[in-house]
Amino acid sequence: MTVSLKNRSFLSISDLIAEELSHVLSTAAKQKKGKMPQVLAGKSIALLFEKPSLRTKASFDVAVDQLGGHPIYFGPQEIGLGQRESISDVAQTTSRFVQGIIARVFTHSSIVELTKHSTVPVINALSDGEHPCQALADLLTIHEKKGGLKGVRIAFIGDGNNVASSLAQGACMLGADFVIASPVGYELPKAVQTTAKKSGGSFLQVTDPKDAVKGADVVYTDVWASMGQEKDSAQRANAFKGYGVTSELMALAKKDAIFMHDLPAHRGEEVTDAVIDSKQSVVFDQAENRLHAQRALLSLIFAK
Ligand code: NVA
C-alpha cells in the first residue's frame, strides 16, 4: 500500500489511517537522526493563531525553517477570524499568498470552515475539539520510550478534552490500551469514544483515577480548564478534586511507567512538582518531539 499525505489537510488524528499515522512517526524518527528534506524551499506557510502558544508556535516556526520554508505568524490580536473578517475571506485571501496554513482556533468548526474555503492544505494546531499535532508528538515519545504502541497501557487522568481526544484515537489506532479517568460530566465526547473503540487496541472510560493508573505504562494528564474555559476554572477545580497526579497515584502504575503532560502544566493542580520533576517524567522530551513530529508531517504534506 502506498501511503501519501501529499496536499492533504490535517484537522483530526482520525484523518489518518493506521498506516499513515505509523508513516508520519517513522518519518519523524528518521529525520530526527538524518537529513531534513528542503521541500518548503521557496514556499511560505501562514501560522494563524487565535490563542496563545509557546511550544506549537516555536516548533512549527522552526520546522518550516528547517524544511527551507518561510513562516509568517499572525497572533491572537491580528486575525479576528469571523469578526474582523469572515473565515471564508481569510481563507481565500491567505491562500493567495502562502502554500499552507497552520491554524489554532477556539472552535473546531472554525478550522473546518477555514479548510473548506482554502485552496492550500490546513493543519490543526489546536482547536477545542482536537490537538492532533500534539498526539503525533505524544505517540512518537511513547514509541521511543516503550518500543512501540501495541499493548501499551496509557492512563489519561482528567478532562476528556482536545488533547485526550486526539491521543485516545491515535493510540487505539496503533493498538494501545487507552483508559481515561474523568469526573462525571467531563468524559471524552461519545463520538470520540466510539471512534477510539473501533480503531483497534482497547478503550475504557472510568471515573476513578486509581482504576485507570493500575498497571499503566504511561500516565498522562492535562490542565483542568483549557484555553477558552478560564471562566469555569473555579468550578472545574472543584470537580477535578482528587484527579491530580501525585507520587502516590504514580506508585500504582508499573515501576517503569513514564509521566507525560502536553504543557503548560498547572503545577499543584493536575500534577505535583514531585511527579513532573521526577525521573519518570518525560515532558521535555515530549515537548521536543513536537518539532520532530510536525516537521515530518509537513515534509509529507508538502512532498515534491
Ligand atoms: N487542553 C489545553 C492544551 C494546551 C496545549 C488547552 O486547550 O488549553
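Asks: How would you summarise the pattern of salt bridges if you had to cite specific residues and measurements?
Replies: Scanning the entire structure with this criterion turns up ten salt bridges. With a closest N to O distance of 2.8 Å, Lys254 and Asp217 form a salt bridge. In this pair, Lys254 sits in the loop between α10 (247-250) and β9 (258-261) while Asp217 sits in the loop between α8 (209-213) and β8 (218-221), placing the two residues 37 residues apart along the sequence. For Asp217, a relative accessible area of 8% corresponds to the buried category. Beyond isolated ion pairs, a larger network of salt bridges with shared partners links Arg267, Asp273 and Asp277.

Asks: Outline the packing of helix α6 (residues 162-173) against helix α7 (residues 190-199), supporting the account with residue identities and numerical values.
Replies: Between α6 and α7, whose axes approach to 7 Å, the crossing angle comes to 15°. Classified by the interaxial angle, the pair formed by α6 and α7 is roughly parallel. The way α6 lies across α7 gives a crossing that is left-handed. On α7, the residues that touch Ser165, Ala168, Gln169, Cys172 and Met173 of α6 are Val192, Thr195, Ala196 and Ser199. For the contact of α6 with α7, the class distribution of residues is five nonpolar, four polar and no charged.

Asks: Outline the nonpolar core, listing residues and values.
Replies: Counting 59 residues, the largest nonpolar core has Phe10, Ile102, Ile123, Leu136, Ile154, Phe178 and Leu298 as the members making the most contacts within it. Excluding residues that lie within four positions of it along the chain, Ile123 makes contacts with Phe10, Phe60, Ile101, Ile102, Ala103, Ile111, Cys133, Leu297, Leu298 and Ile301.

Asks: Can you break down the site of the ligand residue by residue, with the values?
Replies: All residues in the neighbourhood of the ligand are listed as Leu126, Asn161, Asn162, Val163, Asp222, Val223, Ser226, Met227, Asp262 and Leu263. Within the side chain of Asn162, one N or O atom sits 2.8 Å away from an oxygen atom of the ligand. Between the ligand and the protein, one listed contact pairs an oxygen atom with a backbone N or O atom of Met227 at 2.8 Å. Summarising the interface, the protein chains cover 94% of the accessible area of the ligand, which totals 270 Å² for the free molecule. When grouped by side-chain class, the residues that make up the shell around the ligand number five nonpolar, three polar and two charged.

Asks: Tell me what's going on with the environment of Asp89, and back it up with residues and numbers.
Replies: Mapped onto the secondary structure, Asp89 falls in helix α3 (residues 87-97). Here Asp89 falls in the partly exposed class, since its relative accessible area comes to 38%. Once the C-alpha coordinates of Asp89 and Asp208 are considered, the two residues, 119 residues apart in sequence, prove to be 46 Å apart.

Asks: Kindly report on the sheet that holds β8, identifying the contributing residues and their values.
Replies: The sheet built from five strands is open, its strands ordered β7-β6-β5-β8-β9 with parallel pairing. One side of each edge strand has no neighbouring strand; the edge strands of this open sheet are β7 (202-206) and β9. Shown here is a sheet whose adjacent strand axes are inclined to one another by a mean of 20°, direction ignored. Relative to strand β6 (residues 177-181), α6 is tilted by about 155°, and along the sheet it contacts β5 (153-157), β6, β7 and β8.

Asks: Any chance you could break down the environment of Leu54 for me, citing the residues and the numbers?
Replies: Inspection of the secondary structure assignment puts Leu54 in the loop between β1 (44-49) and α2 (55-66). In this structure the C-alpha to C-alpha distance between Leu54 and Ile301, which are 247 residues apart in sequence, comes to 23 Å.

Asks: Run through unusual backbone geometry, naming residues and quoting values.
Replies: Excluding glycine, residues mostly have negative phi values, and the peptide bonds linking residues are mostly trans. Geometrically, the link from Leu263 to Pro264 is a cis peptide bond, its omega value of 5° lying close to zero. For Pro264, the position within the fold is in the loop between β9 and α11 (273-276). Although it is not a glycine, Asn7 adopts a positive phi angle of roughly 60°. Here Asn7 shows up in the segment before α1 (18-33). For Asn7, a relative accessible area of 57% translates into the label exposed. A positive phi angle, close to 115°, is found at Leu126, a residue other than glycine. Along the chain, Leu126 turns up in the loop between β4 (122-124) and α5 (132-146). Classification of Leu126 as buried rests on a relative accessible area of 6%.

Asks: Account for α7, with residues named and values stated.
Replies: Residues of α7 that are buried include every one of Val192, Gln193 and Ala196, and no others. Taken end-on, α7 shows its buried residues confined to a sector of 100°, consistent with a single buried face. In α7, those exposed residues whose orientation departs by more than 90 degrees from the buried face are Lys190, Ala191, Lys197 and Lys198. Buried residues along α7 sit against α6 and β7. Residue Gly200 follows α7 closely and has a positive phi angle near 125°.

Here is what the cut-offs are and how they apply
Residues numbered from 1 in each chain as written. Predicted model: local features only at pLDDT ≥ 70, side-chain atom pairs only at ≥ 80, totals over all residues. Heavy atoms only, no water. Salt bridge = Lys/Arg side-chain N within 4 Å of Asp/Glu carboxyl O. Helix = DSSP H or I, 4+ residues; strand = E, 2+ residues; numbered from the N terminus. Buried < 20%, exposed > 50% of the residue type's maximum accessible area, 1.4 Å probe, protein only. Axes fitted to C-alpha atoms, helices over the stretch in contact; angles between N-to-C directions. Parallel < 35°, antiparallel > 145°, perpendicular 65-115°, else oblique. Left-handed = near helix turned anticlockwise from the far one by under 90°. Contact = heavy atoms within 4.5 Å. Nonpolar A, V, L, I, M, F, W, Y, C, P; charged D, E, K, R; others polar. Core = buried A, V, L, I, M, F, W, Y, C linked by side-chain atoms within 4.5 Å. Near = heavy atom within 4 Å. Polar contact = N/O pair within 3.5 Å; in protein donor to acceptor, adjacent residues only side chain to side chain. Areas by Shrake-Rupley, 256 points an atom, 1.4 Å probe, with all protein chains shown as cover. Pairing = 2+ DSSP bridges. Arc of directions from axis to C-beta.

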